[in-house]
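Here are the chains, one letter per residue:
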Amino acid sequence: MSVLSSISLLSDAKYFDDKNSKFNELKENLDHKTTKKRLSAMKRLIAMMTLGRDVSSFFPDVVKNVIVDNTEIKKLVYMFLTHYAEDNQELALLAINTLQKDLGSSNQRVRANALRAMSSISIKVVIPLVMIALNNAVRDTSSYVRKAAACAVPKVWRTDPSKKPELVEMIAELLSNTEPNVLGASIFAFNQVCPERLDLLHIHFRKICALLADFDYFGQAVTLKVLTRYARTQFLTPFRKKQAGKDDDDSDDDGGFDADEPFYDNDEDEDEKKDPDEYNMDPDHRLLIRSATILLNSADSAVITGVCSLMFSIAPIHEARQCAPAIARHLSNYREIQYVVLTNVSTMAAKRPSMFRQYVKMFFVYFDDPAFIRTLKLDILAHLASDGTIGPILLELFSYTHHYDGDFVNQAIRTIGRCAMTIPDVAERCLHMLLRLVSTSTETVVAQAISVIRQLLQRDPKSHVSIIKRMAKLLFKVKIAMARTALVWIVGEYREMIPKVAPDCLRQLAKTFKEEDVEVKLQVLNLAVKLYLSNPKETSLLFKYIMDLSKNDQNFDVRDRARMVRSLFFKKKGEALNDPSTELKTKTKMLMKRCFLWAKPVPETENPFKARETLTLGSLSHVVQHSVQGYQALPEFPTVAPDRSVREPPRSALDEVADRRRAKASRKYSNVDDFYKSSSDSDSDEDTDSSDSDEDEDTSDSDEEDKPKQKRVKKTKDDDHGNDEDSDSSSSGSDSDSNSDSDSDSDSDS
């Protein structure tokens, strides 16, 4: 059968060949008497519709085939009808009677397909009929039909939002199902129609957690998102507050909380003595985490992403570390899936790097990784850098500098700089590594390395005077504009550390000023101002010469900068000393001097994906780095624990009776004194219970007997009850004696 089915599937590929598509022949086959011809014509139409061709002209001929009894033809007709019903509303109404008839079919698949097609017709006139069909389908005996009803609820809501109250009631009824496929579809409808009504999930929370592993992949992915939002509103945060004066590299988004702090004092031994200030996790909170952890073995990447998002948002750090091995399995999947998984890992590593530090090698770049994957992996490696992982990370990053892609090489060099800024202890090592790159022959690599060295020198310039001198010497070798701009800035910023080298650099730059790029000319102009303000005796002539060159430059930015500086530092002929403008110019000159000679702030580490950190993991907004329509932000944890009794199922009278009997059966005594002490109290309770049970039995018997017999039975019962009291007082009031007495009572009653 498997071979025949595969052959039939391969034979259906011929319907996608447009060369054999003849419209007249298709119309004839749609009206043909044989089922085979009609089925072939419908397959041809669906194939043409899939290819993007407009076949709406066949709508009247297709609608006629709704009455065909063949299930396969009906499915194809429903697909065609759903696609073109909005453009042919009047003709689509002709099929409503047939769809309503199919809703009463004995075949569950026919009923489900009819409901699916009827709800997909986006016409408001049909909505009342669809609502009637949904009311019946929600209570259908078949779980397949109830699942179809759950999937149809969002379609009706999108067509007519005014029906939301009735649809919410249907969702509440669908959530009471115990079949996993129906429950998963119901949660999907809940998330689409009324995601703010989390109160509907209270009494079903434990059932959903218990059945979560039995859902299909789509249902699991949606349910995990819903449960994450539910947990953030119903449970307290499991993260402990930061201790005063404690240094922690791992930051967390929940202000005032340390995400990397373990939930227990010792992760390896949970039975040890705990901190009295530690949060006592709610049992339902623990149930959710335990149910989600089971799904880490799933083969679906969407489920794994949902579990990681849930564990990252509501679980302690030592439990969230379980997600790393599951993520590693999906890094060899399709590149599109890799991208989505790595975007989530990048955000998690930025906030909780300890989750993935022991798995750092699985984020190394492979030779066949595309550019967008390589960029994300470099960002993750920068977040995972620590004292224990910096060694292999730096070696790996240095090997990337020999890659054939120039953009990737520049990104790897910038990542080395990020690692040096994150861990100051390895800054010296990173500097020497970058200096090795400066000596290479590739100009783009040299330019990027010099730019990163400039940022690293700002952290501790006094300890790297030799490197500053070396950078000044490179000014006469490097030809790339970006690198020359960085070198000129280094010479001007640290001019006091190289007092003899800086004027000579300005002299050499004055010779090549006309041939320099615009950004280099602006930096040379700034260098001339800095040297003139700090050492005017040696650089005043060079300063005037560069001012004259800039004054007549072709670029207007250079000309404007030169004229502004000239007006501040040079006096005009005939200008009086007591002129009010002179005083203003003096103040402006002082401000300009402070601006040029002021110590520059140390640059901070730049994260190219920082916009993702505020968005919910696993959402479309998180992937595209901005909020899109329908985005739901993750709520904050409550400050006061909500009432957990709302998740208790409603209790009936039978449950209370069972609890009372269970408590009586489990009653135990610690010693003999307690046994005799409580015997007097328990005798009266047991006699009362036994008399109540006897009266119930007598009442049931009285329905079958006449009134004289009722009096006789009641008299006998009273006599036996008196005997029971005597026997109970003489015997110690034990449970076994009372049970035997009740047995004797029933015998005497019968």
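Keep in mind the model is a prediction, meaning the values are calculated, not measured.

Student: Outline the overall build of the protein chain, listing residues and values.
Tutor: Looking only at helices and strands, the protein chain features 36 helices and zero strands. Evaluated residue by residue, the protein chain yields a buried proportion of 47% over its 750 residues. For the protein chain, long-range pairs separated by at least 24 residues make up 66% of all intrachain contacts whose partners lie at least 6 apart in sequence.

Student: Give a description of the environment of aspartate 425 that names residues and reports values.
Tutor: Position of aspartate 425 among the secondary structure elements: in the loop between helix 22 (406–422) and helix 23 (427–438). Under the relative-accessibility criterion, aspartate 425 is labelled exposed at 68%. When the C-alpha atoms of aspartate 425 and aspartate 387 are compared, they prove to be 8.4 Å apart, with 38 residues separating the residues in sequence.

Student: So what about the pattern of salt bridges? Which residues, and what values?
Tutor: Under the definition given, this model contains 24 salt bridges. For lysine 377, the salt bridge goes to aspartate 369, with nearest N and O atoms at 3.0 Å. By the burial criterion, lysine 377 is buried, and aspartate 369 matches it. Across the pair lysine 530 and glutamate 493 runs a salt bridge, and its minimum N-O distance is 3.6 Å. Taken together, the positions of lysine 530 in helix 28 (residues 518–534) and glutamate 493 in helix 26 (residues 481–493) put the pair 37 residues apart, joining distant regions of the chain. The pair lysine 530 / glutamate 493 is uniform in exposure class, with both members buried. One salt-bridge network, in which partners are shared between bridges, spans Arg206, Asp282, Asp284, Arg644, Arg647 and Glu648.

Student: Help me get a handle on the side chain of glutamate 516, residues and values and all.
Tutor: Along the chain, glutamate 516 falls in the loop between helix 27 (501–511) and helix 28. The exposure class assigned to glutamate 516 is buried, which follows from its relative accessible area of 12%. Excluding its chain neighbours within four sequence positions, the residues that come into contact with glutamate 516 are Arg484, Leu509 and Lys521.

Student: Run through a positive patch on the surface, naming residues and quoting values.
Tutor: A contiguous patch of positive charge, built from Lys469, Arg470, Lys473 and Lys477, is present on the exposed surface. Looking at the element boundaries, arginine 470 is found in helix 25 (residues 465–473).

Student: Describe the environment of valine 488, with residues and values.
Tutor: Note on placement: valine 488 falls in helix 26. Owing to a relative accessible area of 1%, valine 488 belongs among the buried residues under this scheme. Along the backbone, valine 488 and leucine 522 are 34 residues apart, and their C-alpha atoms lie at a distance of 9.9 Å. If sequence neighbours within four positions are ignored, valine 488 has contacts with Leu475, Leu509, Gln523, Val524 and Leu527.

Student: Residues and numbers for the nonpolar core, please.
Tutor: The biggest cluster of nonpolar side chains holds 204 residues, and the ones touching the most others in it are Phe80, Phe356 and Phe363. Apart from the residues lying within four places of it in its own chain, the contact partners of phenylalanine 356 are Ala324, Ile327, Val345, Met348, Ala349, Met362, Phe363 and Leu384.

Student: Lay out the packing of helix 21 (residues 390–400) against helix 22 in plain terms, naming residues and giving numbers.
Tutor: At their nearest, the axes of helix 21 and helix 22 sit 8 Å apart, and the two run at 155° to each other. Here helix 21 is positioned roughly antiparallel relative to helix 22, judged by the angle of their axes. At the point where helix 21 passes helix 22, the crossing takes the left-handed sense. Taken together, the residues of helix 22 that come into contact with helix 21 (itself represented by Ile390, Ile393, Leu394, Leu397, Phe398 and Tyr400) are Phe408, Val409, Ala412, Thr415, Ile416 and Cys419. Partitioning the contact of helix 21 with helix 22 into residue classes produces eleven nonpolar, one polar and no charged.

Student: Which residues make up the side chain of aspartate 379, and what are the values?
Tutor: Considering the arrangement of structural elements, one finds aspartate 379 in helix 20 (residues 371–384). Judged by relative accessible area, aspartate 379 falls into the buried class, the value being 2%. Those residues in contact with aspartate 379, other than ones at most four positions away along the chain, are Ser346, Arg418, Asn607, Pro608 and Phe609.

Student: Break down unusual backbone geometry for me, citing the residues and quoting the values.
Tutor: Positive phi outside glycine occurs at glutamine 625, with the angle close to 70°. Checked against the element boundaries, glutamine 625 lands in the loop between helix 32 (620–624) and helix 33 (653–665). Owing to a relative accessible area of 27%, glutamine 625 belongs among the partly exposed residues under this scheme.

Student: Quick rundown of the packing of aromatic side chains? Include the residues and the values.
Tutor: Per the stated rule, a full pass over the model turns up eleven aromatic pairs. Look at phenylalanine 59 and phenylalanine 80: their rings are 6.1 Å apart centre to centre, the planes differ by 35°, and that puts the pair in the tilted class. Residue phenylalanine 59 is located in helix 4 (residues 59–63), and its partner phenylalanine 80 is located in helix 5 (residues 71–84); the two are separated by 21 residues in the primary sequence. The burial state of phenylalanine 59 is the same as that of phenylalanine 80; both residues are buried. An aromatic cluster of at least three residues, connected via ring pairs, comprises Phe59, Phe80 and Tyr84.

Student: Lay out helix 12 (residues 180–193) in plain terms, naming residues and giving numbers.
Tutor: Taking 1.5 Å per residue, 14 residues should reach 20 Å; helix 12 reaches 20 Å between its end C-alpha atoms and fits that length. Burial within helix 12 is extensive, with eleven of its 14 residues counted as buried. Of the positions making up helix 12, those classed as buried are Val182, Leu183, Gly184, Ala185, Ser186, Ile187, Phe188, Ala189, Phe190, Asn191 and Val193. Looking at the buried positions of helix 12, the neighbouring elements they touch are helix 10 (143–159), helix 11 (164–174), helix 13 (205–211) and helix 14 (217–234).

Student: An account of helix 10 is requested, with residue identities and associated values reported.
Tutor: Under the 1.5 Å per step criterion, the end-to-end length of helix 10 is 25 Å for 17 residues, consistent within 8% with the ideal 24 Å. Its axis deflected by about 25° at alanine 152, helix 10 carries its strongest bend there, up to four residues before the proline proline 154. Of the residues making up helix 10, those classed as buried are Val145, Arg146, Ala148, Ala149, Ala150, Ala152, Val153, Pro154, Val156 and Thr159. Where helix 10 is buried, its residues meet helix 8 (108–120), helix 9 (127–138), helix 11 and helix 12.

Student: Tell me about the environment of phenylalanine 215, and name the residues and values.
Tutor: Take phenylalanine 215: it is sitting in the loop between helix 13 and helix 14. Phenylalanine 215 sits in the buried class, given a relative accessible area of 5%. Taking C-alpha positions, phenylalanine 215 is 8.0 Å from leucine 183, a pair spaced 32 residues apart along the chain. Excluding residues within four positions of it along the chain, phenylalanine 215 makes contact with Pro180, Leu183, Gly184, Ile187, Ile208, Gln220 and Thr223.

Student: Which residues make up the state of the cysteines, and what values go with them?
Tutor: One pass over the structure, following the stated rule, counts zero disulfides. No disulfide involves cysteine 308; its sulfur sits 3.9 Å from the nearest other cysteine sulfur, which is in cysteine 323. When its relative accessible area of 0% is taken as the criterion, cysteine 323 is described as buried.

Student: I'd like a description of the confidence of the model for the protein chain, backed by residues and values.
Tutor: Looking at the protein chain as a whole, its pLDDT mean stands at 78, while 77% of the residues score no less than 70. Counting contacts from residues 242–278, a segment whose pLDDT is below 50, to residues more than four positions away or on other chains yields 70 contacts.

About the criteria used
- Residues numbered from 1 in each chain as written.
- Predicted model: local features only at pLDDT ≥ 70, side-chain atom pairs only at ≥ 80, totals over all residues.
- Heavy atoms only, no water.
- Helix = DSSP H or I, 4+ residues; strand = E, 2+ residues; numbered from the N terminus.
- Buried < 20%, exposed > 50% of the residue type's maximum accessible area, 1.4 Å probe, protein only.
- Contact = heavy atoms within 4.5 Å.
- Salt bridge = Lys/Arg side-chain N within 4 Å of Asp/Glu carboxyl O.
- Patch = residues over 30% accessible without salt bridge, like charges linked within 9 Å, V, L, I, M, F, W, Y side chains within 5 Å.
- Areas by Shrake-Rupley, 256 points an atom, 1.4 Å probe, with all protein chains shown as cover.
- Lys, Arg positive; Asp, Glu negative; His and termini not counted.
- Charge placed at Lys NZ, Arg CZ, Asp CG, Glu CD.
- Core = buried A, V, L, I, M, F, W, Y, C linked by side-chain atoms within 4.5 Å.
- Axes fitted to C-alpha atoms, helices over the stretch in contact; angles between N-to-C directions.
- Parallel < 35°, antiparallel > 145°, perpendicular 65-115°, else oblique.
- Left-handed = near helix turned anticlockwise from the far one by under 90°.
- Nonpolar A, V, L, I, M, F, W, Y, C, P; charged D, E, K, R; others polar.
- Phe/Tyr/Trp six-rings, centres within 6.5 Å; stacked < 30°, edge-to-face > 60°.
- Expected span 1.5 Å × (residues − 1).
- Bend = angle between axes of the 7 residues up to and from the residue.
- Disulfide = S-S within 2.5 Å.
- pLDDT = per-residue confidence, 0-100.

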